[in-house]
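# Understanding the architecture of this molecule
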Amino acid sequence: MSFLGKGTVSNEWEADTPSHVTAQRGLCARFQCHYRYPSNLHEGSRTGIWYNSEKQQNHHIAFHSSDHSQEISKFQHRTRLSGDLNDDDCSLVIDNITQEDEGPYFFRIEFTGSDRYNYHPVTRLRVSDFTDKPTIFAGEFVEGKSGNITCIFNTTCNGTSPTLTWVTPTDVPPSVSSSVTRWHNTLTYTSVLTMTPALKHHGQNLTCRVRYPSVSSEQALSLTVQYAPQNFSITSPNNVNSSWMIMKEGIPTSILCSVQSFPVSNLTWKHLGVTLNTISSSNELWLEFPQVTSQQAGVYQCVAENEHGTAERAITLSVEYKPEISRDSGCTRTPEVITCVCAARSNPPGELTWHLPLANLSGNQTHGRFQTWQVADGQLVTGSLTLGVGEGEEDVTAFCTVRNQHGEVMFAVSLWMKGGVSAVWITVLITSNVILSMLLAGFFIYKYIQKRNARTKEKALEILDTTTGSSAHLTTPKDTNRQRTSRIPQEVSPVMPVGQGEECGPVYTNLQELPSAGSPVRKGETVIYADLHFQSVGPA
């Protein structure tokens, strides 16, 4: 019920209030209110009253500016005016809103005497769930370096102050500072947490919680800790054992290098100091081998680098392959001995055996005039065969084999010896894919040639004279090399003299299909070797 003073009209009594107000449970509700009244009452004392009802009922007083005891119990100590009644500001604030606070509210003004008025229509309050959350701001965190995380909560309620707390990893000692600032009607509550993160904190949650007497909310942040590359991992579809990787030759393979770091690292594969490839889009880098070869064996380094440091890890690629004869293989001669060396590389190192007409020798052994020794250096195995020079004629065919689980290779040596003065030898390299019967066939051919020496020497000399257009005899021992070289055609290999007097050695010519006078031996024709002897007869 409204009462009007004498000599006043109703349109002088007005108020600006909203029709609806929404407040979050646990926070505060603000009823903006400005009222007007007859100007003659401006200097009079006044009382402001807010009712939580549609009508004026004393048992529904939510706020009473002159007597707080008249406020019903559920509103005591929770309601207040945010403005000054003398400034025509009737704004009401209700702290710690509950669901039971919903309903209609209106304002009443009472001046001294009989002037008073109820301002309608009412303002209805609606209560919603508490949804406001704090906000977290984090700077860059680097492993082992102190950093700050800031939590902020803004509110327009200045009655009950919220409490900001932190939920951190259990091993992080709390170091927190707090402050409150105001900007117009907004209060800002700030809490700063200082911590020194470790790598294990990367990805862990850190929580800032805001709490009122009846409600609370929180905001979580996943910690991002920057750190240098570490925790290398090298894997492959093939077997990798610690820092070693063993492959068979000719098989495709790939190796993956991965690392943990933040920010991501630039990854690089290097071999023998040479950069093979680089990637920076992730913490992984593949090294591809379309077909592994023995030349690709060795140490490979994976290098990772970001702004916080550099790290690397190495893996040794061991390539298994069948034996390969080394170029160091061959024979040498002194007046006393003939020494043949057989050397082969393989992985794993091969087993070397010398095969003689009457015995097989390996390692360091002696058999008659033959001696063998053997050494291994990594993937290289080297064997030596020594034959002491004796009296009389001797024909020796020997060969060595080097074998591992991936294959076998042969190195054959044929030795012709005549007397103790001169000796001539040839060496033939036979790989593992050459059938042993070829070696034996060559041996029997040589025996056949010896039987035909007497019949072919004269014909061979005639061929030489026909080709070179000069005489078939040698004038002096000093001219032997020069004259022999000038008389041998393109298809004939010269032999180095091995002493004074009689000289012997293989001279190669075609004995099965001799060409006509002046005609060279053609490619594709069968060639049989004849052992020709020359005797210096003195000046012509």
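The residue count restarts for each chain, going from 1 along the sequence in the order it is written. Since the coordinates come from a predicted model, pLDDT governs what is reported: local features require at least 70, and pairs of side-chain atoms require 80 or more to be given and counted, while whole-chain, interface and lining totals use all residues. For the side-chain quantities, the full set of heavy atoms in the structure was used; hydrogens and water were omitted.

## Concerning the overall build of the protein
In plain terms, the rule: A run of H or I in DSSP counts as a helix once it spans at least four residues, and a run of E counts as a strand once it spans at least two, with each numbered from the N terminus. Classification of residues uses two cut-offs on accessible area relative to the type maximum, computed with a 1.4 Å probe and protein chains only: under 20% is buried, over 50% is exposed, and between them is partly exposed. Contacts between residues were defined by any pair of non-hydrogen atoms, one from each residue, lying within 4.5 Å. For the accessible areas, the method is Shrake-Rupley and the probe is 1.4 Å, while residue cover comes only from the protein chains on display.
A count of helices and strands for the protein gives three helices and 38 strands. Burial status across the protein gives 41% buried among its 540 residues. For the protein, restricting intrachain contacts to residue pairs at least 6 apart in sequence, the fraction spanning at least 24 positions comes to 60%. Summed over its atoms, the accessible surface of the protein is roughly 29000 Å², and 50% of this surface lies on carbon and sulfur atoms.

## Here's the deal with the nonpolar core
Side chains of nonpolar character tend, in soluble globular proteins, to be buried together. Quick reminder of the rule: For this analysis, a nonpolar core means a set of buried residues of the types Ala, Val, Leu, Ile, Met, Phe, Trp, Tyr and Cys, connected via side-chain atoms within 4.5 Å.
Within the largest apolar cluster, 27 residues are counted, with the highest numbers of intra-cluster contacts made by Phe 31, Trp 50, Phe 107 and Leu 125. If we skip the residues at most four places from it in the chain, Phe 31 touches Val 21, Trp 50, Ser 91, Leu 92, Ile 94, Tyr 105, Thr 123 and Leu 125. Counting 23 residues, the second-largest nonpolar core is a separate cluster that includes Leu 27, Ile 136, Leu 206 and Leu 223.

## Notes on the sheet that holds strand S9 (residues 103-111)
Under the convention used in this document: By this definition, two strands are paired if DSSP reports at least two bridges between them. Throughout, an axis means a line fitted to C-alpha atoms (over the contacting stretch in the case of helices), and angles, computed between N-to-C directions, take values from 0 to 180 degrees.
The mixed open sheet is built from five strands, whose spatial order is S2-S10-S9-S5-S6. Bordering the open sheet on either side are strand S2 (20-24) and strand S6 (61-64), each of which pairs with just one other strand. When strand polarity is set aside, the average angle formed by the axes of neighbouring strands in this sheet is 25°. Sheet topology note: the strand S5 (residues 46-51)/S9 ladder contains six bridges and is antiparallel. Counted as the bridge partner of Trp 50 is Phe 107 from S9.

## Here's the deal with the pattern of salt bridges
Our working definition: Any carboxyl oxygen of Asp or Glu within 4 Å of a side-chain nitrogen of Lys or Arg constitutes a salt bridge here.
Following the criterion strictly, the structure yields ten salt bridges and no others. Across the salt bridge formed by Glu 14 and Arg 36, the nearest N and O atoms sit 2.7 Å from each other. With Glu 14 in strand S1 (residues 14-16) and Arg 36 in strand S4 (residues 34-36), this pair connects stretches of sequence that are 22 residues apart. Taking the relative accessible area as the measure of exposure, Arg 36 reaches 38% and is therefore partly exposed. In this structure, Glu 218 and Arg 209 form a salt bridge, with 2.7 Å as the shortest nitrogen-oxygen distance.

## What to know about the side chain of Asn 283
In plain terms, the rule: We define a polar contact as two N or O atoms separated by no more than 3.5 Å, with the added condition that, inside protein, one atom must be a possible hydrogen donor and the other a possible acceptor, whereas residues neighbouring each other in sequence contribute only through side-chain atom pairs.
Residue placement: Asn 283 occurs in the loop between strand S23 (274-279) and strand S24 (284-289). Of the polar contacts made by the side chain of Asn 283, one reaches the backbone nitrogen of Ser 265; its length is 2.8 Å. Excluding anything up to four places from it in sequence, Asn 283 contacts Cys 257, Ser 258, Val 259, Gln 260, Ser 261, Val 264, Ser 265 and Leu 267.

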